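The primary structure of each chain is shown beneath.
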Amino acid sequence: MNDPVDQRPVAVISGGSRGLGLALVTDFLERGYRVETFSRSESAELAALRESTDPDALFWSAVDGTDADAVEGFVRAAARRHRRIDVLVNNAAVGLEGLLTLTSAAAIDAALRTNLTLPVLLTRACLKPMLARRDGVVINLSSINALRGQTGVAVYGAAKAALDGLTRGLAREVGPAGIRVVSIAPGYFDSDMTSGISPDQLRRIVRRTPLGRLGSVEDVLGTVRFLTSPSASFITGQTITVDGGYTC
Ligand SMILES: NC(=O)c1ccc[n+]([C@@H]2O[C@H](COP(=O)([O-])OP(=O)(O)OC[C@H]3O[C@@H](n4cnc5c(N)ncnc54)[C@H](OP(=O)(O)O)[C@@H]3O)[C@@H](O)[C@H]2O)c1
């Protein structure tokens, strides 16, 4: 007799090895999703999570998101395995700090490939199974740097602003097929990406934040939970800012 078809929804999350990505992987698993994730290397935390998780629920591959063929291959394998993709979270990104005039062309190219080309190509690949089922949610991790200018992060901010443009344009393209596309623009939260921010800078950020604290991974998780829930079924094409009021 054939195995019954696994009805659990499937989430694809880029960059699930650490930071917000690892928290997203854990949260989607706890909510009963099967999860497909990739990163260039596997962290000890992700390896431990894989050890303790149903092997039919969590899949990780070593993929460098700047390799377009590898990204397509990853999605093809995921779609073949599960026959559905319900949610895509474009989470993987790299920070790039420095004045533009002092930044090499190679560093700019590498950041744009990870922070912009990767989410565009990953979204294109994941849309195929979503369109086939006329259902799905794409969440793009943007940043407050897409919304406000700040010295030293012009290229990072440009990539995130472009991602918000993708959110709006794509929402129109795929909305008629029942697929929603939303950006989340977090303020600063603790992760490897922000580990270089000095205590002085952190105090300045907190002072400028009406709610008087830094953000947390949990703040972003809550927004992802909401955006993937039926309560958000009429929200698409928007950027939701989660920054304690920093940009207001
Ligand atoms: N932290 C903040 O304050 C903050 C604020 C606003 C927005 N965000 C956004 O939130 C998202 C998560 O940030 P985070 O702070 O959690 O970042 P993080 O801790 O630096 O983690 C980044 C993740 O992306 C993966 N990654 C990076 N380059 C990759 C590549 N070329 N191919 C495959 N995977 C790659 C990393 O794994 P490997 O290195 O092993 O590949 C890692 O799993 C990002 O989109 C970021 O821009 C963060």
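As a reminder, the structure under discussion sits directly above these lines.
Residues numbered from 1 in each chain as written. Predicted model: local features only at pLDDT ≥ 70, side-chain atom pairs only at ≥ 80, totals over all residues. Heavy atoms only, no water.

**So, the sheet that holds strand E6 (residues 179-186)**
- As summarised here, the arrangement of the seven strands in space is E3-E2-E1-E4-E5-E6-E7, forming an open sheet in which the pairing is parallel. The open sheet is flanked by strand E3 (58-62) and strand E7 (239-242), the only strands paired with a single partner. Within this sheet the neighbouring strands show an average axis-to-axis angle of 15 degrees, counted without direction.
- Examined bridge by bridge, strand E1 (residues 10-14) and strand E2 (residues 34-39) share five bridges and lie parallel to one another. Within the sheet, the bridge partner assigned to Val 12 lies in E2 and is Glu 36. (Pairing = 2+ DSSP bridges. Helix = DSSP H or I, 4+ residues; strand = E, 2+ residues; numbered from the N terminus. Axes fitted to C-alpha atoms, helices over the stretch in contact; angles between N-to-C directions.)

**Quick look at the side chain of Ser 143**
- Within the fold, Ser 143 resides in the loop between strand E5 (136-141) and helix H5 (154-174).
- Polar contacts involving the side chain of Ser 143 include one to the main-chain amide nitrogen of Asn 145, which spans 2.9 Å.
- Beyond its immediate stretch of four places on either side in the chain, Ser 143 contacts Tyr 156, Lys 160, Ile 184, Ala 185 and Pro 186. (Polar contact = N/O pair within 3.5 Å; in protein donor to acceptor, adjacent residues only side chain to side chain. Contact = heavy atoms within 4.5 Å.)

**Points about the site of the ligand**
- Lining the immediate environment of the ligand, one finds 30 residues, of which Ser 17, Arg 18, Arg 40, Tyr 156 and Ser 191 sit closest.
- Within the contact set of the ligand, an oxygen atom lies 2.7 Å away from a side-chain nitrogen or oxygen of Arg 40.
- Interatomic distance of 2.4 Å between a side-chain N/O atom of Ser 191 and an oxygen atom of the ligand.
- The fraction of the free accessible surface of the ligand (890 Å²) that becomes covered by protein chains is 97%.
- Classifying every residue of the shell around the ligand gives twelve nonpolar, 13 polar and five charged. (Near = heavy atom within 4 Å. Areas by Shrake-Rupley, 256 points an atom, 1.4 Å probe, with all protein chains shown as cover. Nonpolar A, V, L, I, M, F, W, Y, C, P; charged D, E, K, R; others polar.)

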